[in-house]
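Survey of secondary and tertiary structure
Single-letter residue listing:
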Amino acid sequence: MSKLKKLSDEDLSIISNEFGLILEKEVSKVISTKELEDLDLDITLIYENDQLDVDVDLGVLPDKLSNITEKSLDIAIDEAYLRFDSFIDDNYRVQL
């Protein structure tokens, strides 16, 4: 069993930035930057009682010729969370 180590404000900043990078990379796999007019990531971290909750609101404004679907964006978000979980496991978990 493992749990999160005690996270500092600096840790939370690093975690937020890393999740943003992971999410951008996963979104770029399903939609080319040429097809994007705007990409807005709103990442919310809540760290209470040694529990970390991460929520993202992804705003994508594709150009008129893009054929991006909501489903493909959902898949990208799911993949980002999986990669993010691995990042957390590798860097912020302690074994009991």
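Reference entry: report on the structure contained in this document. Worth saying up front: this structure is predicted, and the values here are computed from it rather than measured. Here, residues in each chain are numbered from 1, in the same order as that chain's written sequence. Side-chain atom pairs in this predicted model are given and counted only at pLDDT of 80 or more, local residue features only at pLDDT of at least 70, and totals for whole chains, interfaces and linings cover all residues. For the side-chain quantities, the full set of heavy atoms in the structure was used; hydrogens and water were omitted.

1. Remarks on the overall build of the protein chain
Within the protein chain, the secondary structure is distributed over two helices and four strands. Secondary structure elements are defined from DSSP: runs of H or I of at least 4 residues count as helices, runs of E of at least 2 residues count as strands, and each element is numbered from the N terminus. Traced from its N-terminal end to its C-terminal end, the protein chain shows the element sequence β-α-β-β-α-β. In terms of overall dimensions, the protein chain has C-alpha extents of about 50 × 25 × 15 Å along its principal axes. With a 1.4 Å probe rolled over the protein chains alone, any residue whose accessible area is under 20% of its type maximum counts as buried; one over 50% counts as exposed, and the rest are partly exposed. Burial status across the protein chain gives 30% buried among its 96 residues.

2. A closer look at the layout of surface pockets
In this approach, a probe sized like a water molecule rolls over the atoms, and the result shows the empty space that is left. The calculated volume of the largest pocket comes to roughly 180 Å³. Cavities and pockets were defined on a 1 Å grid built from protein atoms only: a cavity is a group of points that admits a 1.4 Å probe but offers it no way out, a pocket is an open group of points flanked by protein on both sides within 12 Å along at least five of seven lines, and a lining residue is one with an atom within 4 Å of any such point. Surrounding the largest pocket, Leu4, Asp50, Gln51, Leu52, Val54, Tyr81, Phe84, Asp85, Ile88, Asp89 and Arg93 form its lining. Only strand S3 (51-62) and helix H2 (70-92) provide two or more residues apiece to the lining of the largest pocket. Counting residues per element, the lining of the largest pocket draws most heavily on H2, at five residues. Grid points are joined across faces, edges and corners, and a volume is the space filled by probe spheres set on the points.

3. Quick notes on the environment of leucine 65
Take leucine 65: it is sitting in the loop between S3 and H2. On the basis of relative accessible area, leucine 65 is assigned to the exposed category, the value being 80%. Taking the C-alpha atoms as reference points, leucine 65 and leucine 36, 29 residues apart in sequence, are found 9.8 Å from one another.

4. Points about the packing of helix H1 (residues 9-30) against H2
Every angle, taken between N-to-C directions, lies between 0 and 180 degrees, and every axis is a line fitted to C-alpha atoms, over only the stretch in contact when it is a helix. Here H1 crosses H2 at 145 degrees, and the two axes come no closer than 8 Å. As for how H1 packs across H2, the hand of that crossing is right-handed. Counting all contacts with H1, which are made through Asp11, Ile14, Ile15, Glu18, Phe19, Ile22, Leu23, Lys25, Glu26, Val27 and Val30, the residues of H2 involved are Ser72, Leu73, Ala76, Ile77, Glu79, Ala80, Tyr81, Arg83, Phe84, Phe87, Ile88 and Tyr92. Note on residue classes: Ala, Val, Leu, Ile, Met, Phe, Trp, Tyr, Cys and Pro are nonpolar, Asp, Glu, Lys and Arg are charged, and everything else, Gly too, is polar. A breakdown of the residues in the contact of H1 with H2 according to their chemical character gives 16 nonpolar, one polar and six charged. Each crossing is labelled by how the near helix is turned from the far one, with a counterclockwise turn of less than a right angle marking it left-handed and a clockwise turn marking it right-handed. Residue contacts are defined here by distance: any two heavy atoms, one from each residue, within 4.5 Å place the two residues in contact.

5. Some remarks on the pairing of S3
Along a regular strand, successive side chains alternate from one face of the sheet to the other. Pairing between strand S2 (residues 36-48) and S3: twelve bridges, direction antiparallel. Each residue of the ladder has a partner; that of glutamate 48, found in S3, is glutamine 51. Here, strands pair whenever DSSP counts at least two bridges between them. Adjacent in sequence and paired antiparallel, S2 and S3 are bridged by two residues, among which asparagine 49 carries a positive phi angle near 50 degrees.

6. Observations concerning a negative patch on the surface
Patches here: salt-bridge-free residues with over 30% relative accessible area, like charges joined within 9 Å, nonpolar side chains (Val, Leu, Ile, Met, Phe, Trp, Tyr) joined within 5 Å. The method behind every accessible area is Shrake-Rupley, applied with a 1.4 Å probe, and residues are considered shielded solely by the protein chains displayed. Only one rule defines a salt bridge in this text: a Lys or Arg side-chain nitrogen within 4 Å of an Asp or Glu carboxyl oxygen. In this tally, Asp and Glu contribute negative charge and Lys and Arg positive charge; neither His nor the terminal groups of the chain are included. Charge positions come from single atoms, namely NZ of Lys, CZ of Arg, CG of Asp or CD of Glu. Judged by side-chain charge, Glu37, Asp38, Asp40, Asp42, Glu48, Asp53, Asp55 and Asp57 come together as a negatively charged surface patch. Those elements giving two or more residues to the negative patch turn out to be S2 and S3. Secondary-structure assignment places glutamate 37 in strand S2. For glutamate 37, a relative accessible area of 52% puts it in the exposed group.

7. So, unusual backbone geometry
Across the chain, the bulk of peptide bonds are trans and the bulk of non-glycine residues have phi less than zero. One non-glycine residue, asparagine 49, lies in positive phi territory at about 50 degrees. Structurally, asparagine 49 can be placed in the loop between S2 and S3. Exposure remark for asparagine 49: the relative accessible area of 74% places this residue in the exposed category. With a phi close to 60 degrees, aspartate 50 is a non-glycine residue in the positive phi region. By secondary structure assignment, the location of aspartate 50 is in the loop between S2 and S3. Judged by relative accessible area, aspartate 50 falls into the partly exposed class, the value being 38%.

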